[in-house]
Every structure is written in C-alpha cells, then in structure tokens.
Amino acid sequence: MLHWIKDPSAQFALIGALLFAINSAFQGDQAADTEDIIVSEARIQHLAGIFERGWQRPPEPAELQGLIDDFVREEVLYREAVKMGLDRDDTVIRRRLRMKMELLARDLVNAIEPAEQVLRDYHQRHIQKYTQPAQYSFEQIFLNSDQRPQVAEDARMVLTKLTAGGNPRKLGDNSLLQFEMESASVERIDRQFGADFSQQLLELPDNEWSGPLTSAYGEHLVKISARQPRRETEFSEVRAEVLRDWQQQEQNKILQTQYETLRDNYRIQISAASTTAMSSEASR
C-alpha cells in the first residue's frame, strides 16, 4: 500500500509514470529483437508451482524437464507467430491483450490506500447509493378479482372472519405470491406485487389486518408486523463498499488517461465514406 503518499493526485501521477515506464520497457525489448530464450530459475519455479497446484505434488525431474521443454516450444512458436503477424486481426487475441493492459492499470490503482477523509467525502457525495431503502415485514391474503365480482364485499367479509380469529392461510385464493415477506425492501415488494404496491403500505397501521390493497394480480388484505424507514447508512457501516467504489472510479480515470496518452502516439484515420454510409443506413 502507498501509505507514504497521502495526496491521491500524486499517487495517480506515480501510477501513470509506472505504466508508461513499463510500456517503454516492453517497447525496448521488442526493438532489440533478441533471439535469446532465457528460462530463469524463477520461471522454472513458476512452472513447478503450477504443476504442484494441479497434481498436489512436486514434479519428478523428468516431468519438470518436460515442462521446461514445453515452455521453450511455446516461446519459440509464439515468437515466430508474432513475426509472421498471426496475432493481427485476431479478435480473441486483441481482446485478451486489451484486458491485460487494463488489468495492469487496475492492479496499480488497487495498491493505493486513500486517506480516510477522501473516502468519507466520497461517501457523502454518493449518499443515495448507500441509503438503505424502507423495509417491511408483513402477511398478505390474496383475493382474485377476476373470480370475485364483488371483491370489495368479499374483502370486508374476510376481515370480519380474521377479527373473529379465522386462520388467514385458509381465507384467501390460491396464488404463487408469498403469504409472508420478511424485511423486504420496497424494490423487492414492488417486483413481486407490481409497481407502487409498496406505496400503499405507508398509511397502514401495524399489527392489524387492513385493506384491500390493489396489486398487479388482484386485491390483498395486509397485516404489517414490522417496518424500517428509509435510512442513510453511517460511513463505518459501508466503508469496505465505499473503498471498492472509490477504487473503481479512480481505475476508470486512470484507464481513460492511459488510453488518451497512448492514443496520442498514433495517427487515427477513419474513412468518412464508410461512416456516412453507416449513418444513412441507421436512419432508415
């Protein structure tokens, strides 16, 4: 972690310098166009480690030699393929290399540990994202309005039976809707019962059967057992989530800066004729 640099702008400047230094180093290696293939001790240990993770034992000497031979074979064929241009115009290879470039930037950004105040400020600027929606725990009895011409009258009759101690699970019509919901958010409630059903719960009393309420499926009698109002979370409750979100935001900034800087090394020419034809086709 970059504890020793507290200013995020300085941290990102350092990251940018590292990215471009790495890019220059790779370009320098390519310019040398060396024919040397060096299988270092670190590479051999890496190959042996992969084998051991897969087979749960270290490789025998002959097996290790086989791994080394296979690596050399792969390296030779890879270099020759690049010389022949076989990596060009290959969508899978292009996307894989793009992903590796972006992962390099992300790994460097993840090494940053921002000052606590930076995260607190981010939390406040995006407080809506970290706000807990209202939640309800309730039971509901479904009355199928398609099968009940006098559904309002039927609802009053069911309420009378409930007051007299009737079993709520035996008083409604069959449906796939849940009889009971526990600590359900308003979003979840509306997904199950239809848009704005949760709004009808606002004025209902607690711990008594009320209704009918109208859903996308019919009418409902509802008994609310508990409710939790919409609440803004404290920073300490969501610090880990805030850190992930902040890092993602900064990663996107770094990736865009990296792209724009590297793009300046190229002359981009886009055929005006082809773009005009595509625009005409899209407007039809």
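Residues numbered from 1 in each chain as written. Predicted model: local features only at pLDDT ≥ 70, side-chain atom pairs only at ≥ 80, totals over all residues. Heavy atoms only, no water.

*Asks:* Outline the side chain of S185, listing residues and values.
*Replies:* Here S185 is to be found in strand β3 (residues 180-185). Once residues within four sequence positions are removed from consideration, S185 is found in contact with P133, A134 and Q135. (Helix = DSSP H or I, 4+ residues; strand = E, 2+ residues; numbered from the N terminus. Contact = heavy atoms within 4.5 Å.)

*Asks:* So what's going on with helix α6 (residues 151-163)? Residues and values would help.
*Replies:* One turn of the α-helix equals 3.6 residues, which is why residues spaced by three or four share an orientation. An ideal rise of 1.5 Å per residue puts 18 Å on 13 residues; α6 measures up with 18 Å between its terminal C-alpha atoms. Against the buried residues of α6 lie β2 (135-143), β4 (209-214) and β5 (219-228). Once α6 finishes, G165 follows within two positions and takes phi at roughly 100 degrees, a positive value. (Expected span 1.5 Å × (residues − 1).)

*Asks:* How would you sum up the packing of aromatic side chains? Please name residues and give values.
*Replies:* Taken as a whole, this structure holds three aromatic pairs when the rule is applied. Ring centres 6.0 Å apart and planes at 50 degrees place the aromatic pair F138 and F193 in the tilted group. One end of the pair, F138, is in strand β2; the other, F193, is in helix α7 (residues 186-193), and 55 residues separate them in sequence. For F193, a relative accessible area of 0% puts it in the buried group. Three or more aromatic residues link up through ring pairs in this structure, and these residues are F138, F193 and F197. (Phe/Tyr/Trp six-rings, centres within 6.5 Å; stacked < 30°, edge-to-face > 60°. Buried < 20%, exposed > 50% of the residue type's maximum accessible area, 1.4 Å probe, protein only.)

*Asks:* Break down the confidence of the model for the chain for me, citing the residues and quoting the values.
*Replies:* Of the residues in the chain, 83% reach a pLDDT of 70 or more, and the chain-wide mean stands at 81. Per-element mean pLDDT across the chain ranges from 52 in helix α1 (residues 8-32) up to 93 in β2. The low-confidence segment residues 25-33, where pLDDT is below 50, has one contact with residues more than four positions distant or belonging to other chains. (pLDDT = per-residue confidence, 0-100.)

*Asks:* Which residues make up the nonpolar core, and what values do they have?
*Replies:* Residues Y136, F138, I189, L201 and V222 are the most contacted members of the largest nonpolar core, which totals 16 residues. Elements with a minimum of two residues in this core: β2, β3, α7 and β5. If sequence neighbours within four positions are ignored, F138 has contacts with F179, E180, M181, I189, F193, L201, V222, K223, I224 and S225. Core analysis: the next-biggest nonpolar cluster, separate from the first, contains eleven residues, I141, V151, V158 and L159 among them. (Core = buried A, V, L, I, M, F, W, Y, C linked by side-chain atoms within 4.5 Å.)

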